[in-house]
Amino acid sequence: MRLLIVEDEPLIAQRLERMCREILGAALESVAHASRPEETSARLEETPIDLMLLDLNLQGADGMQLLKRAVAGSFHTIIVSANTDRALEAFEYGVLDFVPKPFSRERLVQALGRCTAAEARADYAAKYLAVRKYGRVELVRVDEVVYAKGAGAYSELVLASGATELHDKSLEKLQALLPPVFERIHKSYLVRMSAVKALHAEEGSHYEVELKGGARLPIGRTRYKEIREKFR
Amino acid sequence: MRIAALTLLALAEVALAGAPAGPAPQFQHFEPFLREFRIMLGDDPRWASATWDDRAWPKVRSDSLPINSGIFWIRFHIVRSAPKAGEPIGDEWFWKNLPESQPINALGTVSSCSYELYWDGRFVFRNGVVGKDRASEVPGTTDCLMMIPLELIGPGEHVLAFRISSNRSDFPGAPRFRMVFGMQNYDWRTTYEDRQAIYPMIGMGCAWVAAIICGVFYWFVDRRRPLFFCSLFCVAVGAYNLAVAWRSLSWLMFRPETYDQLYSRLMAIIVSMALIGCLLLLVYLEQFAFKRKERWLGALGLLLAAVWWMTGSQYYGRVLWEFRAALALSTVAIGWAAWRRHSGALLALPAVVFGLVTVDLGADWRYGLNHSFLITFALIVLALLTSVGLQVQANRRKARATELTAARMEIELLKKNLQPHFLLNTLTALSEVVEQDPPGAVRLIGDLADEFRSLSRMSAEKLIPLSQELDLCRAHLRVMSLRTGKAWRLEAEKHDPAAQVPPALFLTLIENGFAHQRVAAAEAAFVLRHGNSADGGISYVFLSPGERHENPDRVPGGTGLRYVKARLEESFSGRWSFRDGPTALGWETVIEFRSIA
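Attention here is on the structure that accompanies the text. (Residues numbered from 1 in each chain as written. Chains lettered and ligands numbered in written order. Predicted model: local features only at pLDDT ≥ 70, side-chain atom pairs only at ≥ 80, totals over all residues. Heavy atoms only, no water.)

A short note on the overall build of chain B
Helices and strands together make up the secondary structure of chain B, namely 14 helices and 20 strands. Taking all 597 residues of chain B together, 51% fall into the buried category. Counting only contacts in chain B whose residues sit at least 6 apart along the sequence, the fraction spanning at least 24 positions is 75%. (Helix = DSSP H or I, 4+ residues; strand = E, 2+ residues; numbered from the N terminus. Buried < 20%, exposed > 50% of the residue type's maximum accessible area, 1.4 Å probe, protein only. Contact = heavy atoms within 4.5 Å.)

See the structure below:
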């Protein structure tokens, strides 16, 4: 795992790094530090990362602005901050966890666990998904997303309007942030169940969902039974 | 508001221009015009006779009777017709045409002399004792009413002979005096004089009650100088009314006022009115905080002197114009205050304008000004008390707001004490130090305790010694040094440790420095310089080191600066200034304030 710690207090950054090394062990490939927003942007451009530990208050700067840019990235973000009153707001923008300061090793283990577990979900689902568009970050309301299609390291968000948006996160990472109304029907599809009109079983154990908009998406064989139960 | 003030001023000017040019003496119930008598200096009992031939005696007007001329006689003939409906009754000026229920039975006089009256040669009445010189004369009363035997006042011609002396008149520079007559009904006249005392007595009572109210208000409620001067003003108004009412009171209740006392009483009235004028103006000068009061009072003094000079021997006219002069100058002062939008000016203006428009001599000049004087006085006091009451109310609101501000400031300081972000980050750093450097953790806990102890000790204070504030700042910097890994310090140059400053004033500037300044070096110093401002107050220059980091999302004038400014306003209301800006060395903040003392 490649880790970026964004924290302006050296003692706290040192503590985070020390604990992450202890928890992740050999799984931790690299650790980078940044103490200011512009330094963070520079680090992100230098090296791709898998996880950002972000403080919301960086030398007087509001980390929420940085957060809005960060959640558009392909990596997960975990907030480590004393500003617990902004936790819900942070979750709305799609962070995986919010670790309040001062933190214990156990709490950090729990947060890092969400990042590594395959089916882990955030405590609070995101309300927005940040997408990069024409060099800037735009927010897409999760309510508008009908389904997401995996496209390698990226995801394609299909909206109720029929428009599509490319999201930098993989389908797995997206699933961790989206609310439970989204079901993984296929290794490449994440669908809002309320948008499903019908299930179809075709010849040759081929299954599909028919969406209210008319689109038909494949269902993984191993997931059909579970999806059918939920659809009832 | 300015238009309203100008309009009122214009109305006042018009009213003043339209007011009578001077007092026209009205001898109500007496003869209204000057008469001619026959006069003879000397003393001869035969001159009392109705048949004495006085045609060779020189004539004299009724207002030109001599003073200090020993004994002299005046004689005049009057005719009374037989009263018939619709017909004249002869010398109407003398014989009042009274209803049958009030038959003529008395002669009333107003004069400054002692006299004996002979009616158709018969001795009728003695007012005082006529004497050839001051020592031998016993002064008669100014107002005199005598019953005349009915058989003497029938139809036909009558001869009135007065044996007179006026050796005790104190009117300075007045070689002559005036004598007025009128035939009246005795009971009617007595009742009339009784009634004349009512209004001045009411005025006196009201004025002195108002004086007590203002005095009590001043002493126990609010020590405002306008209230003190208003109390004196009311006392003066009461004294004026007493002096006016004395004429009637002495007639009815005591020994009637003798003519040698008249001048003293008139002087008392004139002086009390001058005092009323000065105090009235002073009340407004104090109420509206005029700076050069002596100039206004000097102007009033000049006006009063001009009035004195112009009114000559018209003593009641002098009283009237004294009051008008004070009202006119007060109107100008209040108008100016209204122009400057001074609270209470528009309340005060109608009272003085009303006085200018309506106050005049009364119908009976012997009793001074008309009833509008009393109403004007009431309006003036009412307006002042209302205005002061409103100001007291506003001050109490302000005091309550100040108390709330003080409470809010205390809460703000306690919030600093318990600031979650600072505390939680410090605890997080402490967690690491505890595990990695236990002795360092003990030092950090000690520094943190020092800071909290200082904050809680000063939380309820409005001002604290600078030394205490510096201790707090240094404790905070020790904590921040450990947290940030840089060596922070505070350098205080030329400071007075005992100087009083609002609590957490410079601590807030340090916190702002950490939030908005970036320092690349491993060590840096905040610098505090103490000096004197241009206006004699205290000046502090505070430098936060490093380069300013402008956060585009930051709201200008954040909570830190609001706290600093609120604290300065709380302790140095309106007497402080705050400015800040970048310098080559960092961010400089200049705070200047003046203590009340």
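With respect to the pairing of strand 11 (residues 154-159) of chain A
Residues and elements named next belong to chain A. As paired elements, strand 10 (residues 145-151) and strand 11 share six bridges and run antiparallel to each other. Paired with Lys149 across the two strands is Glu156, which belongs to strand 11. Pairing of strand 11 with strand 12 (residues 164-167), which is carried by four bridges, proceeds in the antiparallel orientation. Residue pairing across strands places Val158 opposite Thr164, the latter belonging to strand 12. Counted between consecutive antiparallel strands, the loop separating strand 11 from strand 12 contains four residues, among which Gly162 sits at a positive phi close to 95°. (Pairing = 2+ DSSP bridges.)

A few points about the sheet that holds strand 9 (residues 156-165) of chain B
Residues and elements named next belong to chain B. Read across the open sheet, the six strands follow the order 2-1-4-9-6-7; overall the sheet is antiparallel. With one partner strand each, in any of the chains shown, strand 2 (59-61) and strand 7 (122-127) form the two edges of the open sheet. Across the sheet, the mean angle separating the axes of adjacent strands is 30° when strand polarity is ignored. (Axes fitted to C-alpha atoms, helices over the stretch in contact; angles between N-to-C directions.)

Regarding the environment of Thr589 of chain B
Residues and elements named next belong to chain B. Turning to its location among the elements, Thr589 is positioned in strand 20 (residues 586-593). Linking Thr589 and Phe542, residues 47 residues apart in sequence, is a C-alpha distance of 5.1 Å. When near neighbours in sequence (up to four residues on either side) are disregarded, Thr589 contacts Leu509, Tyr540, Val541, Phe542, Phe578, Arg579 and Asp580.

Notes on the packing of aromatic side chains
Tallying each qualifying case throughout the model produces 32 aromatic pairs over all chains. Taken together, a centroid distance of 5.4 Å and an interplanar angle of 20° make the contact between Tyr93 of chain A and Tyr128 of chain A stacked. Note that Tyr93 of chain A is positioned in the loop between helix 4 (87-92) and strand 7 (97-100) and Tyr128 of chain A in strand 8 (residues 128-133), a separation of 35 residues in sequence. Since its relative accessible area comes to 21%, Tyr128 of chain A is described here as partly exposed. Between Trp47 of chain B and Trp73 of chain B the ring centres are 6.3 Å apart and the planes differ by 85°, which places this aromatic pair in the edge-to-face class. With Trp47 of chain B in the loop between strand 1 (36-41) and strand 2 and Trp73 of chain B in strand 4 (residues 71-80), this residue pair connects regions lying 26 residues apart in the sequence. No difference in accessibility class separates Trp47 of chain B from Trp73 of chain B, as the two residues are buried. Through successive ring pairs, a cluster of aromatic residues spans Trp488, Phe506, Phe514, Phe526, Tyr540, Phe542, Phe572 and Phe593 of chain B. The cationic tip of Arg318 of chain B hangs over the ring face of Trp308 of chain B; the distance from NZ or CZ to the ring centre is 3.8 Å. (Phe/Tyr/Trp six-rings, centres within 6.5 Å; stacked < 30°, edge-to-face > 60°. Lys NZ or Arg CZ within 6 Å of the ring centre and 35° of its normal.)

Some words on the packing of helix 10 (residues 420-436) of chain B against helix 11 (residues 438-458) of chain B
Residue and element names in this part refer to chain B. Where helix 10 meets helix 11, the axes come as close as 7 Å, and the angle between the chain directions of the two elements is 155°. Classified by the interaxial angle, the pair formed by helix 10 and helix 11 is roughly antiparallel. Together, Phe422, Leu423, Thr426, Leu430, Val433, Val434 and Gln436 of helix 10 and Pro438, Gly440, Ala441, Leu444, Ile445, Leu448, Glu451 and Phe452 of helix 11 make up the contact between the two elements. Here the residues of the contact of helix 10 with helix 11 sort into 11 nonpolar, three polar and one charged. (Parallel < 35°, antiparallel > 145°, perpendicular 65-115°, else oblique. Nonpolar A, V, L, I, M, F, W, Y, C, P; charged D, E, K, R; others polar.)

Examining helix 10 of chain B
With 17 residues, helix 10 of chain B extends 24 Å between its outermost C-alpha atoms, agreeing within 8% with the 24 Å of an ideal straight helix rising 1.5 Å per residue. Taken residue by residue, helix 10 of chain B has His421, Phe422, Asn425, Thr426, Thr428, Ala429, Leu430, Ser431, Glu432 and Val433 of chain B as its buried positions. Next to the buried residues of helix 10 of chain B lie helix 1 (10-24) and strand 4 (57-58) of chain A together with helix 11 and helix 12 (466-484) of chain B. (Expected span 1.5 Å × (residues − 1).)

Here's the deal with the nonpolar core
Phe233, Tyr240, Ile276, Leu369 and Phe373 of chain B are the most contacted members of the largest nonpolar core, which totals 70 residues. Top element by residues in this core is helix 5 (residues 259-287) of chain B. It accounts for 16 residues. If we skip the residues at most four places from it in the chain, Phe373 of chain B touches Val237, Tyr240, Asn241, Met273, Ile276, Phe323 and Val359 of chain B. If you look at the next biggest cluster of nonpolar residues, it comprises 68 residues, including Met1 and Cys20 of chain A together with Leu507 and Leu509 of chain B. (Core = buried A, V, L, I, M, F, W, Y, C linked by side-chain atoms within 4.5 Å.)

Topic: the interface of chain A and chain B
Contact with chain A, which involves 21 residues of that partner, is made by 22 residues of chain B. Summing the contributions of chain A and of chain B, the shared interface buries around 1,900 Å²; its carbon and sulfur component is 51%. Area buried by chain A at its contact with chain B is led by Glu9, Leu11 and Arg15 of chain A, which between them contribute 29% of it. Where chain A meets chain B, there are six salt bridges. (Buried area = accessible area lost by both parts, 1.4 Å probe. Salt bridge = Lys/Arg side-chain N within 4 Å of Asp/Glu carboxyl O.)

From the geometry alone we can't say anything about function, so treat these as descriptive.
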